[in-house]
Amino acid sequence: MRFPTYDEAESLKRTWTDKYVRVKPGHAEYERFAGKVGRVVTVNYGGKAIVDFADGAWYDVPASDVYLEVVPDDEAKGQYDATVNSAQKLPARQG
């Protein structure tokens, strides 16, 4: 993946930010996310989506439909729990 221009990066941000996503199968480097639903926090200027899989960390995955598929909001609600991630003021996992 080539480095995007400023305008391309801004377009990627508008397209992917705040979407629920799942990593598509067939990418060995992202197998650890198989079957998990995450939320795109933002897209950086390198063209990578910063994805929160509600496990206490954020991961960068190329912001492309080759790597990511959008999950409808109603389907994601049962699979993504925003209260578990590290971005919360008092995450539920900390007791």
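Anything mentioned here points back to the structure above.
If you're wondering where the values come from, they're calculated on a predicted model, not measured in any experiment.

Reading the values: rules and limits
Residues numbered from 1 in each chain as written. Predicted model: local features only at pLDDT ≥ 70, side-chain atom pairs only at ≥ 80, totals over all residues. Heavy atoms only, no water. Core = buried A, V, L, I, M, F, W, Y, C linked by side-chain atoms within 4.5 Å. Buried < 20%, exposed > 50% of the residue type's maximum accessible area, 1.4 Å probe, protein only. Helix = DSSP H or I, 4+ residues; strand = E, 2+ residues; numbered from the N terminus. Contact = heavy atoms within 4.5 Å. Pairing = 2+ DSSP bridges.

Colleague: Looking at this structure, how should I read the nonpolar core?
Modeller: Side chains of nonpolar character tend, in soluble globular proteins, to be buried together. Counting residues in hydrophobic clusters, the biggest one holds 14 residues, and the most contacted among them are W16, V40, V43, A49, V51 and L68. Among the secondary structure elements, those contributing two or more residues to this core are α1 (6-16), β1 (20-23), β2 (38-43) and β3 (48-52). Contact partners of L68, with chain neighbours within four places excluded, come to W16, V21, R22, V23, K24, A49, V61, P62 and A63. Formed by six residues, the second largest nonpolar core is a distinct cluster that contains Y20, V37, A54 and V71.

Colleague: What is the right way to look at the pairing of strand β4 (residues 58-62) in this model?
Modeller: Sheet faces and side chains relate simply in a regular strand, where the side chains alternate between the two faces. By the bridge criterion, five bridges tie β3 to β4 in an arrangement that is antiparallel. Across the sheet, residue D52 finds its bridge partner in β4, namely W58. Taken together, β3 and the strand that follows it, β4, pair antiparallel across an intervening segment of five residues, in which A54 is found at a positive phi of about 55°.

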